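# Breakdown of the fold
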Amino acid sequence: GENVEQHPSTLSVQEGDSAVIKCTYSDSASNYFPWYKQELGKGPQLIIDIRSNVGEKKDQRIAVTLNKTAKHFSLHITETQPEDSAVYFCAARDRAGANNLFFGTGTRLTVIP
Amino acid sequence: DTGVSQNPRHKITKRGQNVTFRCDPISEHNRLYWYRQTLGQGPEFLTYFQNEAQLEKSRLLSDRFSAERPKGSFSTLEIQRTEQGDSAMYLCASGPANSPLHFGNGTRLTVT
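First, a word on what this report is: a plain description of the structure on this page. (Residues numbered from 1 in each chain as written. Chains lettered and ligands numbered in written order. Predicted model: local features only at pLDDT ≥ 70, side-chain atom pairs only at ≥ 80, totals over all residues. Heavy atoms only, no water.)

## Overview of the overall build of chain A
Secondary structure assignment for chain A yields zero helices and 11 strands. For chain A, the succession of helices and strands along the chain, N to C, is β-β-β-β-β-β-β-β-β-β-β. A compact globule built from 113 residues would reach a C-alpha radius of gyration of about 13 Å, and chain A, at 13 Å, matches this within 12%. A principal-axis box enclosing the C-alpha atoms of chain A has dimensions of 40 × 30 × 20 Å. (Helix = DSSP H or I, 4+ residues; strand = E, 2+ residues; numbered from the N terminus. Rg over C-alpha atoms; globule rule 2.2 N^0.38 Å.)

## Description of the state of the cysteines
By the definition in use, this model includes two disulfides over all chains. What pairs with C23 of chain A in a disulfide is C90 of chain A, and their sulfur atoms sit 1.9 Å apart. On the sign convention where negative means left-handed, the S-S torsion of about -100° between C23 of chain A and C90 of chain A marks this disulfide as left-handed. On the criterion of sequence distance, the pair formed by C23 of chain A in strand β3 (residues 19-25) and C90 of chain A in strand β9 (residues 86-93) is long-range, its members being 67 residues apart. This pair shows no difference in class: C23 of chain A is buried, exactly as C90 of chain A is. One disulfide bridge connects C23 of chain B with C92 of chain B, the sulfur atoms lying 1.9 Å from each other. Note on the C23 of chain B and C92 of chain B pair: the S-S dihedral is about -65°, so by sign convention the disulfide is left-handed. Residue C23 of chain B is located in strand β3 (residues 19-24), and its partner C92 of chain B is located in strand β9 (residues 88-95); the two are separated by 69 residues in the primary sequence. (Disulfide = S-S within 2.5 Å. Buried < 20%, exposed > 50% of the residue type's maximum accessible area, 1.4 Å probe, protein only.)

## What about the packing of aromatic side chains?
Residues and elements named next belong to chain A. By the definition in use, this model includes 15 aromatic pairs over all chains. Between Y36 and F103, the aromatic rings sit 5.7 Å apart at their centres with planes inclined by 50°, giving tilted as the arrangement. Taken together, the residues span a long stretch of sequence, with Y36 in strand β4 (residues 32-38) and F103 in strand β10 (residues 101-103) at a distance of 67 residues. The exposure class of F103 is buried, given its relative accessible area of 10%. Considering the side-chain rings of F89 and F103, the 6.5 Å spacing of their centres and the 85° angle between planes classify their relative orientation as edge-to-face. Placement of F89 in strand β9 and of F103 in strand β10 is noted, with a sequence separation of 14 residues between them. (Phe/Tyr/Trp six-rings, centres within 6.5 Å; stacked < 30°, edge-to-face > 60°.)

## A short note on the pattern of salt bridges
A pair can form between side chains of opposite charge whenever their charged atoms are brought close. In the structure shown here, the tally under the stated rule is seven salt bridges over all chains. Between E83 of chain B and R64 of chain B there is a salt bridge; the shortest N-O distance is 3.4 Å. Pair noted here: E83 of chain B is in the loop between β8 (75-79) and β9 and R64 of chain B is in the loop between β6 (53-57) and β7 (65-68), with a separation of 19 residues, a long-range link. For D86 of chain B, the salt bridge goes to R64 of chain B, with nearest N and O atoms at 2.8 Å. Of the two residues, D86 of chain B sits in the loop between β8 and β9 while R64 of chain B sits in the loop between β6 and β7, which places them 22 residues apart along the sequence. Among the charged side chains, a network of salt bridges with common partners joins K37, E39 and K42 of chain A. (Salt bridge = Lys/Arg side-chain N within 4 Å of Asp/Glu carboxyl O.)

## Concerning the sheet that holds β7 of chain B
All names here are of chain B. The four strands lie next to each other as β1-β3-β8-β7, forming an open sheet whose pairing is antiparallel. The open sheet has two edge strands with one neighbour each: β1 (5-7) and β7. Strand-to-strand twist across the sheet, computed as the mean angle between neighbouring axes with direction ignored, equals 15°. Pairing of β3 with β8 involves five bridges; the strand directions are antiparallel. Along β8, the bridge assignment pairs F21 with L77. (Pairing = 2+ DSSP bridges. Axes fitted to C-alpha atoms, helices over the stretch in contact; angles between N-to-C directions.)

## Structural notes on the sheet that holds β3 of chain A
Residues and elements named next belong to chain A. Spatial strand order, β1-β3-β8-β7-β6: five strands in an open sheet with antiparallel pairing. The open sheet has two edge strands with one neighbour each: β1 (4-7) and β6 (56-59). Here the average twist between neighbouring strands, direction ignored, is 15°. Across four bridges, the pairing between β1 and β3 is antiparallel.

## Remarks on the pairing of β7 of chain B
Residues and elements named next belong to chain B. Residue alternation in β7 divides its side chains into a buried set, F65 and A67, and an unburied set, S66 and E68. Alignment of β7 against β8, held across four bridges, turns out to be antiparallel. Across the sheet, A67 pairs through a bridge with L77, a residue of β8. Remark: six residues form the turn of the hairpin made by β7 and β8, two consecutive strands paired antiparallel; G72 in that turn has positive phi of roughly 75°.

Read these as layout, nothing more, since geometry by itself doesn't imply function.
As structure tokens, this is what we get:
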């Protein structure tokens, strides 16, 4: 099955700086890569996703890039704010029409005011 | 949008007891998933339903676990003869085919 690795496990940035989280996946057939934000006591919330036919996607301060050749994808958060502090998970779906997502181990982001 | 609803939010039980959790997905979503999340880890897939049919089960889902979705709407996850290793957050998610998954806020199980 798919194996997703995520780095770093913790990340601290000053408010206003950028944050970058990186993930790699093992199955070249994977075609869908969502990112989730999880706050304490809550379930994961989808913040952005990208499909394998696209190299980059942006939504306001959040962007995701995908390199299919290298099998890695990254989350970029610009102009970070304290409310961005949370645990972020990347995930991969290993084939078209597959029924489940494989998640990374998470990155705890702390934005220091 | 009422979102995915899970009950109870917390459950404390003694080892050996049976527990049952409920998930109410977003109404128009025909796919429903159960995941388990332990501290410091990402969610791990347990099982998946399309309407009332259980189409896939993970090897993590031992014989003590059973899930149902009798009418293709809400789902239940039962754990029999609970063990301390079952302590985790149990997450439910729903979505249409080939679309993003929407997660509930989970049921946190503690087995003492």
